[in-house]
Amino acid sequence: MNCVNELISVIIPSYNRAGVIKDCLESVLGQTWRNIEVIVVDDGSTDGTEELIRGIGDQRLRYYGYTPNRGACYARNYGAERSQGEYIAFQDSDDLWQPDKLERQLRFMRETRADFVFCGMDRVSPRGVKYYYPVHPYRGRDPVTELLMENKIGTQTMFMRRGVWEETRFDESFKRYQDWDFALRAARRFSIA
């Protein structure tokens, strides 16, 4: 199958992030994998996020907004429901991606034949200290047990076949650790690498 025409949907929930979302979007729209749709779900912002997004002239970018604020999990599901890609990736509105993240993850997914792949990331503390996450490497021998021991999969590192999200969806009752819950439930049914 030729990967060139395969669409990747990137879902970005946002709530009052007008001060940082532009950098986030530049890192997503600047991906080496060009066949993407970027869906920003504005979860009730009051800081001018909508005007900022609408001012970005890229046809791959779509904006959805609603009120009142309903939380990141609701926003992620809302965006994914409206997406069209065969693959779905999630990004957080205050994070940046390396330029070849999506291309590398799609290639890795093909190589491993996994349904869901993730990568590590550099975290920066409030004091500016940079460290690599996750702390312990993922071995993949017993994914559920391994993921129970440590939250290794940040939402912004997730890349999956559409069916993984359709069968798993984010639990909208979660306010924290949504990525951990999603990964654990996905690991019971799908291959992760």
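Look above for the structure.
Rules behind the numbers
Within each chain, residue numbers correspond to sequence positions counted from 1 in written order. In keeping with the model being predicted, local features are shown solely for residues with a pLDDT of at least 70 and side-chain atom pairs are shown and tallied solely at 80 or more, while totals for entire chains, interfaces and linings include all residues. Side-chain metrics in this entry use all non-hydrogen atoms of the structure; hydrogen atoms and water are not considered. Salt bridge, as applied in this entry: a Lys or Arg side-chain nitrogen positioned within 4 Å of an Asp or Glu carboxyl oxygen. Helix and strand labels come from DSSP, where a helix needs a run of H or I of at least four residues and a strand needs a run of E of at least two; each type is numbered from the N terminus. Each residue gets one of three labels from its accessible area relative to the maximum for its type: buried under 20%, exposed over 50%, partly exposed in between, using a 1.4 Å probe on protein chains only. Two strands make a pair as long as DSSP finds a minimum of two bridges between them. Orienting the strands away from the viewer, one traces the path from the first strand over the helix to the second; a clockwise path indicates a right-handed crossover. Grid points spaced at 1 Å and placed over the protein atoms alone form the basis of the search, with a cavity being a set where a 1.4 Å probe fits but cannot get out and a pocket an open set showing protein on both sides within 12 Å along at least five of seven lines. Lining residues have an atom within 4 Å of a point. Grid points are joined across faces, edges and corners, and a volume is the space filled by probe spheres set on the points. Any two residues whose heavy atoms approach within 4.5 Å at even a single point are treated as in contact. Lines fitted to C-alpha atoms define the axes, with helix axes restricted to the stretch in contact, and inter-axis angles between N-to-C directions lie between 0 and 180 degrees. Each pair of aromatic rings taken from Phe, Tyr and Trp, with Trp reduced to its six-membered ring, is defined by centres within 6.5 Å and is described as stacked if the planes are under 30 degrees apart, edge-to-face if over 60, and tilted in the remaining cases. Only buried residues count toward a nonpolar core. Its members are Ala, Val, Leu, Ile, Met, Phe, Trp, Tyr and Cys residues joined through side-chain atoms within 4.5 Å.

> What should I look at first to understand the pattern of salt bridges in this one?
Any two side chains of opposite charge can pair if their charged atoms end up close together. Counted under the stated rule, the structure contains 14 salt bridges. Taking the shortest distance from any N to any O, the salt bridge between Arg17 and Asp94 comes out at 3.2 Å. In this pair, Arg17 sits in the loop between β1 (8-14) and α1 (21-29) while Asp94 sits in the loop between β4 (87-90) and α4 (101-112), placing the two residues 77 residues apart along the sequence. Given the relative accessible area of 29%, Arg17 is considered partly exposed. Salt-bridge contacts for Lys152 lead to Glu150; the nearest nitrogen and oxygen are separated by 3.2 Å. By relative accessible area, which is 14% here, Glu150 ends up buried.

> Got a minute to help me understand the pairing of strand β3 (residues 61-66) in this structure?
Two faces, one strand: in a regular strand the side chains alternate between the faces of the sheet. Sheet topology places strand β2 (residues 36-43) next to β3; six bridges connect them, and they run parallel. Counted as the bridge partner of Val41 is Tyr64 from β3. Traced from β2 through helix α2 (residues 49-54) to β3, the parallel crossover comes out right-handed.

> Got a minute to help me understand the layout of surface pockets in this structure?
Rolled over the atoms, a probe as big as a water molecule pinpoints where empty space is left. Here the largest pocket is characterised by a volume of approximately 1,400 Å³. Every residue lining the largest pocket is counted, 47 residues in all, and those nearest its centre are Gln91, Asp95, Met121, Gln156 and Thr157. The set of elements that each furnish at least two residues to the lining of the largest pocket consists of β1, α3 (72-81), α4, β6 (121-124), β7 (130-133) and α7 (178-187).

> Can you walk me through the sheet that holds β3 in this structure?
Read from one edge to the other, the open sheet built from six strands follows the order β3-β2-β1-β4-β8-β5, with strand pairing classed as mixed. A single partner strand is all that each edge strand has here, and the edge strands are β3 and β5 (116-117). Strand direction decides the pairing type here: β4 and strand β8 (residues 159-161), joined by three bridges, are antiparallel. By the bridge assignment, Ala89 is partnered in β8 with Phe159. Contacting β1, β2, β3 and β4, α3 crosses the sheet at an angle of about 150° to β1. Across the face of the sheet, α4 comes into contact with β1, β2, β4, β5 and β8 while running at roughly 50° to β8.

> Is there a simple way to explain the packing of aromatic side chains in this structure?
Each aromatic ring pair is specified by the distance between its two centres and by the angle formed by the two planes. Considering all chains together, one arrives at 10 aromatic pairs under this definition. Relative to Tyr78, the ring of Tyr66 has its centre 5.0 Å away and its plane inclined at 55°; by these criteria the two rings are tilted. Placement of Tyr66 in strand β3 and of Tyr78 in helix α3 is noted, with a sequence separation of 12 residues between them. Here Tyr66 matches Tyr78 in class, with each residue buried.

> Looking at this structure, how should I read α1?
Each α-helix winds once per 3.6 residues, and so residues spaced three or four apart point in a common direction. Within the span of α1, buried status applies to Ile21, Cys24, Leu25, Ser27, Val28 and Leu29. Taken together, the buried residues of α1 touch β1, β2, α2 and β3.

> Is there a simple way to think about unusual backbone geometry in this case?
When glycine is set aside, most residues are seen to have a negative phi, and most peptide bonds are trans. The linkage connecting Thr67 with the following residue, Pro68, adopts the cis geometry, with an omega of -5°. Residue placement: Pro68 occurs in the loop between β3 and α3. Located in the positive-phi region is Arg113, a residue other than glycine, with phi close to 60°. Assignment of secondary structure puts Arg113 in the loop between α4 and β5.

> In this structure, what is going on with the nonpolar core? I would like to understand it.
Most often, soluble globular proteins have nonpolar side chains that are buried together. Phe116, Met160 and Phe182 are the most contacted members of the largest nonpolar core, which has 28 residues in total. Of all the secondary structure elements, the ones that give two or more residues to this core are β2, α3, β4, α6 (162-168) and α7. Dropping the residues within four chain positions of it, Phe182 is found in contact with Phe116, Met158, Met160, Val164, Trp165, Thr168, Arg169 and Phe170. Cys24, Leu102, Met109 and Ala114 belong to the second-largest nonpolar core, a separate cluster that totals 25 residues.

The values are spatial; any link to function lies outside them.
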